[in-house]
Amino acid sequence: MNRRALRALAALPALLLTATACQQSPNAATDKPSSDTVQPAAAAAAASESSTSASSTAESSTTSWITFANGHLTYGADSQGNRVPDFSYAGYGNGKTPIPTAPVAVTLKAASSGDDTSRIQAAIAKVSALPLNAAGLRGAVLLGPGDFRLGGALTISASGVVLRGSGSGTGGTHLVATGTPRAVVAFAGTGQRQAAGAKVAVTDDYVPIGATTFHVASAAGLKVGQAVVVQRPQEQNWIHAIGMDKIPQRPGGGTVQWKPNAGLQFERTITALDPATKTVTVDIPLTNALEKQYTHAVVWPYTFPGRIGNVGVEHLSADGIAFTQAPDYATTGYFASSFASFDAVDGGWARDIVADDFGSGMGGVGESAKRITLEDTSALGMEKAIPQDVHAQPVAYTLAGQQSLVLRCQVSGSNLHAWATQAQTAGPNVFSDCTATNVGAKRFDAGPHQRWASGTLYDRLVMREGAGGTSATELSLYDRDNEGSGQGWAGATQVAWNSDTGTYSFQSPPTSYNWSFGALGKAAPPLVPGFPAVMVSAGTPVQPVSLYAEQLAER
C-alpha cells in the first residue's frame, strides 16, 4: 500500500464522522438488558455509577468521533475523554521502522531427496552463533529454488536470524511439511515477563480509552525510558457488570463463567514523569479505560531477558497437506497445523509467504510476542486441511500478543475464522488491507474470538463467497455468549473501518465501545439482542481510505 497515494486520496473536503447508534437486532425497539446488566454502548451499570463509567448511548450517538479535513485526522471524545485509539504503533518497529534485510550468511541448495530439516536447522544454528551487527542482525539462511522436505520443525531461538527463500511463486523456494502437525517455522524465545520493581497503583478515578497519561500513588521506582506494564485486572464486580458471570449454559453444559484474572497487560515505555504530581506519560495510547469502580489498575517495571528480536521468515511458499494423514488430525491435529508461530519475540516478521493447505493457516502471534508484522502473506486452500464436519473452527491469522500487524493478506477456505484475537489480548493490533474467500458451505467469519481482547482495528477488509461457496461471510464484533466454553464479550475498543464483509454484526460491550465506520454489507442480528455499536456512515465508505495508513502517516 502506497501511503503517499492514500494521503492524496484523503485530501478531500472535510467529512465529519458522527456516530449513529445502530441496533443490529431486528427487535431493536424491545431489546433491553436485564436489570442487573450494564446498559448498552458503555453506559453506567446504574445511575449512581454514571460519573465513573464510560458515557451513555445517547452521548455516543452524537459524538463526532473523527473529523478528516485537509489531509489530517481530528479526534472527538465523549465527556470522559474516550476516543478512537491510535493504531499506528502496531507492527515491527512500532510501525515506523522498515523491516531490515539481513545479509546472507549461509546458502543451501535444494536436494533431490531426503529430509532437509536437520541441515536447515544446522544452518540456523551456525548463523545463531554469529555476532550481532550494528543493526541487530546476525544473518540470513538463504534457501535456493526448489523443494525442501521437512519432517520436523525449524526453530529460530536467537535474535537477528532470518530464514529466506528465493521467492514464493513458481520457480521459488517451497517447503513441504510432513509428519506430526505443527508450526513449520517456530520463533521461540524463552521465559516470560519478570517484575523489576513494585506494583504501583493508578490513582485516577477514570483513565479514558486512548490516554497516554495517568497518575500513580508513588513515582518512586519509576523513571523515563523504563519498560512498564500497565495492568488492568479483570475483577469480579466488573465481570458482573458486563454480565459474564451469568452466561447461559449451552445444551449439554460446558459453559464456564468468567473468573477474576490478571486481565489486560499493556507493555509500554515511560516517556515523561513528574514526581511532584506523580504523573506518568507512556509512549503508546491505552486501548482500554482504567476505571477505579471496576478495577485496581497498577503499573510495574518489567524485564524480559529471554525475548528475541529481529527475526523473520520471507520469500517462500509452504504446503501442509501431508499433515492431514496424522492419526489425530480430525480431532486436534488441524489446530496444530500452521506455517509459523511467534512466542517471546519483540520485533519479528513474515513477508512474501504463501502457505497452502494448513489447518490453522499462517499461524499465530502468541501472548508473549509483540511488534510482529505479517505482510504480503497468504493462507490458501484451508478447506482441504480443515475437516468440514467439525464445529470447532481454527483461525487463519491469530493475534494474541500486542502491537502486531497483518497487512495485505489473503485467506481462502471454509469452516474457519479468517482473522481473530484471543482472550485478554492487549492492543493495539491491526488487520489491514486483507481479503478472505469462503469457497465452501460452512462457517466463515472474523473478529475477536473470546474474553475481551482490547484495541483491534479491522481496516479495509473484504470477505466474499467464492466459486462454490454457499455460506455467508461475516465480521463479528459482539457478545459471543456461550459459544466455546463461554467466550462472551470477545472484544472492546474494536474498530471496523471501510470493510466490506458480506454481512456484519456489531455491538458495544458494557463499560466500553466498539465502532464501525463505512461498513459495507448486510447487518445481521447478534447472538444476544441489544447493546448497539457506534455506527458511522453504514453503507457508504469514509475517508481516509485506510485508518491505519493515515494514522501512521500522521505520526
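Numbering of residues starts from 1 in every chain and runs along the sequence as written. Confidence filtering applies because this is a predicted model: local features only for residues at pLDDT of at least 70, side-chain atom pairs given and counted only at 80 or more, and all residues used for totals across whole chains, interfaces and linings. To get the side-chain values, take all heavy atoms of the structure and skip hydrogens and water.

Peer 1: Sorry if this is basic, but what is going on with the state of the cysteines here?
Peer 2: One way to say it: the disulfide is the covalent bond shared by the sulfur atoms of two cysteines. Put simply, a disulfide is two cysteine sulfurs that come within 2.5 Å. A complete count under the given rule lists one disulfide for this structure. Through a disulfide, Cys409 is tied to Cys434; the S-S separation comes to 2.4 Å. In this structure the cystine formed by Cys409 and Cys434 twists about its S-S bond by roughly 130°; its chirality is therefore right-handed. One end of the pair, Cys409, is in strand E27 (residues 405–413); the other, Cys434, is in the loop between strand E29 (429–432) and strand E30 (435–438), and 25 residues separate them in sequence. Here Cys409 falls in the buried class, since its relative accessible area comes to 2%. A run of H or I in DSSP counts as a helix once it spans at least four residues, and a run of E counts as a strand once it spans at least two, with each numbered from the N terminus. Summary of the burial criterion: residues with accessible area below 20% of their type's maximum are buried, those above 50% are exposed, and those between are partly exposed, where the area comes from a 1.4 Å probe applied to protein chains only.

Peer 1: What exactly am I supposed to notice about helix H5 (residues 329–336) here?
Peer 2: Given 3.6 residues per helical turn, the α-helix brings residues three or four places apart onto the same face. Among the residues making up H5, those that are buried are Tyr329, Gly333 and Tyr334. One side of H5 holds all its buried residues, which, seen down the axis, span an arc of 100°. Relevant arc is that of directions from the helix axis to the C-beta atoms, nothing else.

Peer 1: Help me understand the pattern of salt bridges, please; the structure alone is not making it clear to me.
Peer 2: Pairs can form between side chains of opposite charge once their charged atoms are near each other. Here a salt bridge means any side-chain nitrogen of Lys or Arg lying within 4 Å of a carboxyl oxygen belonging to Asp or Glu. Applying the stated criterion to the full structure yields 19 salt bridges. The closest approach of N and O atoms between Glu291 and Arg232, which form a salt bridge, is 2.9 Å. Here Arg232 lies in strand E16 (residues 227–234) and Glu291 lies in strand E19 (residues 290–291), a separation of 59 residues in the sequence. Assessed through its relative accessible area of 1%, Glu291 is described here as buried. A residue is classified by how much of its surface remains accessible, and Arg232, at 0% relative accessible area, is buried.

Peer 1: How should the side chain of Arg268 be read in this particular structure?
Peer 2: Structurally, the position occupied by Arg268 is in strand E17 (residues 261–274). Only four residue types enter the tally: Lys and Arg on the positive side, Asp and Glu on the negative side, with His and both chain ends excluded. In this structure Arg268 is buried but unpaired, with Asp283 as the nearest side chain of opposite charge at 5.0 Å. At 3.2 Å, the side chain of Arg268 and the backbone oxygen of Gly427 are in polar contact. For this analysis, residues touch if any pair of their heavy atoms sits within 4.5 Å. Discounting residues that sit within four places of it in the chain, Arg268 has contacts with Gln226, Ala227, Val228, Val230, Val282, Asp283, Ile284, Pro285, Leu286, Gln402, Gly427 and Pro428. Pairing of N or O atoms within 3.5 Å defines a polar contact, subject to two protein rules: one partner must be a possible hydrogen donor and the other a possible acceptor, and residues neighboring in sequence count only if both atoms are side-chain atoms.

Peer 1: Just checking my understanding: could you explain unusual backbone geometry for this structure?
Peer 2: Note: most residues except glycine have negative phi, and most peptide bonds are trans. Here Gly427 and Pro428 are connected by a cis peptide whose omega angle stands at 5°. Mapped onto the elements of the fold, Pro428 is located in the loop between strand E28 (416–421) and E29. Going from Gln543 to Pro544, the amide bond is cis rather than trans, its omega being 0°. Topologically, Pro544 is positioned in the loop between strand E39 (533–536) and helix H6 (547–554). A positive phi is found at Asn415, a non-glycine position, where the angle reads about 65°. Among the structural elements, Asn415 can be located in the loop between E27 and E28. Phi is positive for Ser537, which is not a glycine, with a value near 55°. Relative to the assigned elements, Ser537 resides in the loop between E39 and H6. With relative accessibility at 29%, the residue Ser537 sits in the partly exposed group.

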